Amino acid sequence: MAELPIPDLPPARCSGRFTISTLLAMEEGGRGPYTPTEGSSCDSVQPTHLSSSTLCTRTFGYNTVDVVPAYEHYANSKGVGDPRKGRPSLADLHSILKPDPGRLRTPVSDLQQSNGLPEAGPEAGLEEAEGEPGKDSVPEPVRFGWVKGVMIRCMLNIWGVILYLRLPWITAQAGIALTWLIILMSVTVTTITGLSISAISTNGKVKSGGTYFLISRSLGPELGGSIGLIFAFANAVAVAMHTVGFAETVRDLLQEHNSLIVDPTNDIRIIGVITVTVLLGISLAGMEWEAKAQILFFLVILVSFINYLVGTVIPATAEKQAKGFFSYRADIFAQNFVPNWRGPEGSFFGLFSIFFPSATGILAGANISGDLKDPAVAIPKGTLMAIFWTTMSYLVLSATIGACVVRDASGSLNDSVAMGSPGCEGLACSFGWNFTACTQQQSCRYGLSNYYQSMSMVSGFGPLITAGIFGATLSSALACLVSAPKVFQCLCKDQLYPLIGFFGKGYGRNSEPIRGYMLTYVIAIGFILIAELNAIAPIISNFFLCSYALINFSCFHASITNSPGWRPSFRYYSKWTALFGAAVSVVIMFLLTWWAALIAFGIVIFLLGYVLYKKPDVNWGSSVQASSYNMALSYSVGLSEVDEHIKNYRPQCLVLTGPPNFRPALVDFVGTFTKNLSLMLCGNVLIGPRKQKMTESQLMADGHTKWLMKRKIKAFYTDVVAEDLRSGVQMLIQAAGLGKMRPNILVLGYKRNWRTASPQSLEDYVGILHDAFDFKYGVCLMRMKEGLNVSRVLQAHVNPMFEAAEHPENGTGSRAAPGTGDPTTLASEQQASTIFQSEQGKKTIDIYWLFDDGGLTLLIPYLLGRKKRWGKCKIRVFVGGQINRMDEERKAIVSLLSKFRLGFHEVHILPDINQKPRPEHIKRFDELIAPFRLNDGFKDEATVNEMRQGCPWKISDEEVDKNRAKSLRQVRLNEILLDYSRDAALIAITPPIGRKGRCPSSLYMAWLETLSQDLRPPIILTRGNQENVLTFYCQ
């Protein structure tokens, strides 16, 4: 906690946030904007806002810049015109306070804000807003509670024409017992889904977008986007379905009275278009009018229910008895309790597929989540209550009509007979009616099994049932007409798919998606004009079921990942129940219509693939991200328990790239052979003061990672802050990686400027190679004729220890150029092309396996040759040998390589490797080391050490003489490389090792320079750690 001395000031009133500028003003002895006035006191009884941090010491007992917890510190959004309030940064608390020009002036409104624990009540803020001159008051959008916004809306969407026209018929077919089972099975799926919706919607603040918002923020944009698009489309087509259902009922009434407008089909189109246009007008009038219309429909349906229930207790007239209605009878209930299958649809699952769509519609409330006062409370409460009451209505309707109406009736008043008349069969005989003839001939027109309008016949007043059908169809159409644009608007704003952003614009205080309404209207009109939706209806049901499956899976997935962010306030759910609900939803999809289920899955997979390919730049903290972390952690820990084996050796590379965009060729080379195979870690050493470089490190890391992703390099980026290059690399070598996922090869660029660079940088560079060998790393140096560093092209600074000669003005610290560390700039900059990104054709990869380093010199070119761009290259292996044993040595190497199964068949023996080089090349080497020679005249070791004190890179005459043969070998090897590999695509060679403490750094660099100079192709100097990386054994 950052403490400050308490000055001798009068007690201050807690009236605002304590900012750093205030502290500075106090320390300087001035009286800033927070200076207390006379007579003000913390003990004042007047109501005040509790400040986040004030001069008062009552909260903590001392002055501090720390703040108490507040809502504003965690909210993503702020009011229009309000300054963003936040807690002090770690630097504010931990570092020495310094003036910040951006924070010296604290807006007055900030001083008047509470920390989220109000004492003055909401009226205070309202009075302040009204008192501000020139500020227009923004009207509050309409918000609904759980009853009007969710429960009534869901109940209206669940109730539909099946309730009125098909449930009595299903009861006749399946019997009351199995009908209840069908209802309860359907409700089980919707209840489980309702519990999952409740859990997801209470795990954080829910915005507009409904089902799409819940799934996308839970499972990520891939599945969320695909479901959002098809769910919005399904709702748009559902508008047409419900409207056509209404139009068909009106058409039937017109037919009964011989009052058709044109013909039966065109009447449906005319009535449907007029109806959907009226519904659109209600929707465009605003959510408030739409909600009033829904309440009207709700009341109509309730009246129709009451009318039906009253009708069941009214004594049956002769006309109703002729149609099979006899009021409540125990024997009718007993007969209708068991099934009586009839017709092609007479099966349990056949009837289940017909009834199940009437249980859907539970998402109607969630789809307008942006228009709810408190979605986290309204969605669970309203959805579950809607499921409960609609379930009760289905059960009551099935039981009551099954206890009142027989299955078969003729409708003829002439069929009345005396009770007990001979030749009369069936239950109706005991009530004085003989329906035997029509039952045997299967020509009965009435009864539960034959007459769809049984509810209307039973009710006290038939037209009220017709009004209920109108209310059910129109309310469902209106709910879908509102849901589709709301879901689609959220999808458009997320910009997951192209060409749809136009429809995301909102208008008015509720941000109404008027363009989305018009699109939904056009789609609905298109399907209404078809006037035959029997083929498309199963697809829509499957789309809704697909949504249910994904909602349940979202709840299960979020629970199973154990993410700390999964903390729903709704506790009455189970992850295993959610998984069961998801599985059952998929099964029901195929039970309803298997081909429609396949179509739904096909569309989802196509849209999923598109989002996976485009990789939208969104981060919603989905459970898929949490699952990825869990899997990575589990596998990494599991890998630590596995012993290493040569067969499973992988070249895991720590690549000293500096900023990766500075050395793209080095990044591409390593990325080519490690992609989908092994670990690649790009390391960067930031040299300079830790305080300065830590900020730079935090800014740069994200940008470099994005640059690697854009270049499609599968690698990690890490950096360290150090006082010099060597100590930074030592940190990376020791600390990089995790468990068995640790680098075993150090890859770095060749230091071209070693002759002109500072001697200390030369010592550090060679010292890094020694450090790598000390830590049992393999080493891979890469040299290209044109160099590796492209920072001059990027107009940025380069790490001074790498190729500092190209930037001689850079002395000590590594200071990135303006914009270099900016993530957006790095990710969007033009990518430099390198030789490793192009097709190599039928060239050669030449391997000079001069020393047995364990096989690393062979392995890296082999892995490179497996890639498509290098696949046509022929790999040649060169080894040293004696001229009188060439055949034997060649056969031995070919035999060894065949055992390694590398596929290298072209082997060349170099018998002239020990020949003396040409004199001019020897002279060039001598001139190369001349500036670094001590010229001590072969003095004794003590004298030489005294002369070399302070310049350990100097080469004594004795060292030149002792290493003469080794030096000439490098000169000769360069001649051989120029002779054999001038036109190769790549050269891989085993470099010499300079003995630590015995070989000066300048002499070792002279060897590497001589070995690799004047070569056009890239040359890879690879040296393993002398442990096997290849084996020809099976175990």
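Residues numbered from 1 in each chain as written. Predicted model: local features only at pLDDT ≥ 70, side-chain atom pairs only at ≥ 80, totals over all residues. Heavy atoms only, no water.

**Comments concerning helix H19 (residues 514-530)**
Over its 17 residues, H19 extends 25 Å from the first C-alpha to the last, a length consistent with the 24 Å expected when each residue adds 1.5 Å. Taken together, the buried positions of H19 are Gly 516, Tyr 517, Thr 520, Tyr 521, Ala 524, Ile 525, Phe 527 and Ile 528. (Helix = DSSP H or I, 4+ residues; strand = E, 2+ residues; numbered from the N terminus. Expected span 1.5 Å × (residues − 1). Buried < 20%, exposed > 50% of the residue type's maximum accessible area, 1.4 Å probe, protein only.)

**Considerations on the side chain of His 557**
Looking at the secondary structure, you find His 557 in helix H20 (residues 537-560). Among the residues examined, His 557 registers a relative accessible area of 12% and is labelled buried. Not counting the four nearest positions on each side in its chain, His 557 is found in contact with Leu 219, Ser 623, Val 624 and Ser 627. (Contact = heavy atoms within 4.5 Å.)

**What to know about the state of the cysteines**
Evaluation of the coordinates by the stated rule reveals one disulfide. Sulfur-sulfur distance for the disulfide between Cys 438 and Cys 444 comes to 1.9 Å. Torsion about the S-S bond of the Cys 438 and Cys 444 cystine: about 80°, corresponding to right-handed handedness. You'll find Cys 438 and Cys 444 in the same group, each marked buried. Cys 780 carries a free sulfur, and the closest cysteine sulfur to it, the one in Cys 653, is 7.2 Å from it. (Disulfide = S-S within 2.5 Å.)

**Some thoughts on the sheet that holds strand S10 (residues 906-910)**
Sheet architecture is open: ten strands sit in the order S5-S4-S3-S6-S7-S12-S11-S8-S9-S10, paired in mixed fashion. Unpaired on one side and paired on the other, strand S5 (716-722) and S10 mark the two borders of the sheet. Strand-to-strand twist across the sheet, computed as the mean angle between neighbouring axes with direction ignored, equals 20°. Relative to strand S9 (residues 874-880), strand S8 (residues 844-848) runs parallel, the two sharing five bridges. (Pairing = 2+ DSSP bridges. Axes fitted to C-alpha atoms, helices over the stretch in contact; angles between N-to-C directions.)

**Regarding the environment of Gly 411**
Along the chain, the position of Gly 411 falls in the loop between helix H15 (375-402) and helix H16 (436-441). On a C-alpha basis, the gap between Gly 411 and Ala 318 in space is 9.8 Å, while along the polypeptide they are 93 residues apart. Contacts of Gly 411, omitting those with residues within four sequence positions, involve Ala 322, Lys 323 and Tyr 446.

**Observations concerning the confidence of the model for the protein**
Residues of the protein with pLDDT of at least 70 account for 81%, and the chain-wide mean is 78. This model gives residues 77-82 a pLDDT under 50, and the stretch forms two contacts once residues within four places in sequence are excluded. Note that residues 796-821 has pLDDT below 50 and, in this model, 69 contacts with residues that lie over four places away or in other chains. (pLDDT = per-residue confidence, 0-100.)

**A few points about unusual backbone geometry**
A positive phi angle, near 60°, is found at Lys 776, a position not held by glycine. Take Lys 776: its relative accessible area is 56%, and that puts it in the exposed class. Although it is not a glycine, Arg 901 sits at a positive phi angle of roughly 60°. With respect to the secondary-structure elements, Arg 901 resides in the loop between helix H31 (886-900) and S10.

**Remarks on a nonpolar patch on the surface**
Side chains of Phe 590, Trp 594, Trp 595, Leu 598, Ile 599 and Ile 603 sit close together on the surface and give an oily, nonpolar patch of about 560 Å² of accessible area. The partly exposed category is assigned to Ile 603, whose relative accessible area is 32%. (Patch = residues over 30% accessible without salt bridge, like charges linked within 9 Å, V, L, I, M, F, W, Y side chains within 5 Å. Areas by Shrake-Rupley, 256 points an atom, 1.4 Å probe, with all protein chains shown as cover. Salt bridge = Lys/Arg side-chain N within 4 Å of Asp/Glu carboxyl O.)

**Some details on the packing of helix H18 (residues 462-494) against H19**
Close contact between H18 and H19 brings their axes to 9 Å; oriented N to C, the two are set at 125°. Comparing the axis directions of H18 and H19 gives the class oblique. Of the two possible hands of crossing, H18 and H19 adopt the one that is right-handed. Contact residues: Leu 481, Val 482, Ala 484, Pro 485, Lys 486 and Phe 488 in H18; Gly 516, Tyr 517, Leu 519 and Thr 520 in H19. (Parallel < 35°, antiparallel > 145°, perpendicular 65-115°, else oblique. Left-handed = near helix turned anticlockwise from the far one by under 90°.)

**Description of the pairing of strand S11 (residues 986-989)**
Going residue by residue along S11, you find Leu 986 and Ala 988 tucked away on one face and Ile 987 and Ile 989 tucked away on the opposite face as well. Bridging between S8 and S11 involves four bridges; their strand directions are parallel. When the bridges of S11 are listed, Asp 846 appears paired with Ile 987. As defined by bridge partners, S11 adjoins strand S12 (residues 1019-1023) across three bridges and the pair is classed as parallel. Pairing of Ile 989 across the sheet is with Leu 1021, part of S12. With helix H36 (residues 1001-1012) bridging S11 and the parallel S12, this β-α-β connection has right-handed handedness. (Right-handed = clockwise from strand over helix to strand, strands pointing away.)

**Quick look at helix H10 (residues 264-284)**
For H10, built from 21 residues, the straight-helix expectation of 30 Å at 1.5 Å per residue is met to within 8% by its first-to-last C-alpha distance of 30 Å. Every buried residue of H10 is listed here: Asp 267, Ile 268, Ile 271, Gly 272, Thr 275, Val 276, Leu 279, Leu 280 and Ser 283. The elements touched by buried residues of H10 are helix H9 (221-256), H18 and H19. Capping the start of H10, Asp 263 holds a side-chain oxygen 3.2 Å from the backbone nitrogen of Thr 265, two or three residues further along. (Polar contact = N/O pair within 3.5 Å; in protein donor to acceptor, adjacent residues only side chain to side chain.)

**Brief notes about the pattern of salt bridges**
Tallied over the entire structure, the rule returns 19 salt bridges. Across the salt bridge formed by Arg 342 and Asp 408, the nearest N and O atoms sit 2.6 Å from each other. Here Arg 342 is found in the loop between helix H13 (330-337) and helix H14 (348-355), whereas its partner Asp 408 is found in the loop between H15 and H16, with 66 residues between them in sequence. Residue Arg 342 is classed as partly exposed on the basis of its relative accessible area, which comes to 28%. With a closest N to O distance of 2.8 Å, Asp 774 and Lys 996 form a salt bridge. Taken together, the residues Asp 774 in helix H27 (residues 759-774) and Lys 996 in the loop between S11 and H36 connect sequence positions 222 residues apart. Of the residues examined, Asp 774 reaches a relative accessible area of 45% and is grouped as partly exposed. A network of salt bridges, in which partner residues are shared, links Arg 755, Arg 783 and Glu 1009.

**Quick look at the pairing of S5**
Among the seven residues in S5, five count as buried, and that is most of the element. Where strand S4 (residues 680-687) meets S5, seven bridges bridge the pair, whose relative direction is parallel. Paired with Cys 682 across the bridge in S5 is Tyr 717. Viewed along the sheet, the connection from S4 through helix H25 (residues 690-710) into S5 turns out right-handed.

**A few points about the environment of Asn 884**
Topologically, Asn 884 is positioned in the loop between S9 and H31. Along the primary structure Asn 884 and Pro 911 are separated by 27 residues, whereas in three dimensions their C-alpha atoms are 8.5 Å apart.

**So, the environment of Ala 403**
Within the secondary structure, Ala 403 sits in the loop between H15 and H16. A relative accessible area of 8% places Ala 403 in the buried class. With 70 residues separating them along the chain, Ala 403 and Phe 333 place their C-alpha atoms 4.1 Å apart.

**A short note on the packing of aromatic side chains**
Inspection of every chain in the model, using the stated rule, returns 29 aromatic pairs. Considering the side-chain rings of Phe 590 and Phe 601, the 6.0 Å spacing of their centres and the 20° angle between planes classify their relative orientation as stacked. With Phe 590 in helix H21 (residues 575-592) and Phe 601 in helix H22 (residues 594-614), the pair connects residues that are eleven residues apart, well separated along the chain. Exposure remark for Phe 601: the relative accessible area of 26% places this residue in the partly exposed category. Following the ring pairs from residue to residue traces out a cluster consisting of Trp 159, Tyr 164, Phe 298 and Phe 305. Between Lys 505 and the ring centre of Tyr 507, over which it is positioned, the NZ or CZ distance is 5.3 Å. The lysine or arginine in question, Arg 515, covers the ring of Phe 502, its NZ or CZ lying 4.0 Å from the ring centre. (Phe/Tyr/Trp six-rings, centres within 6.5 Å; stacked < 30°, edge-to-face > 60°. Lys NZ or Arg CZ within 6 Å of the ring centre and 35° of its normal.)

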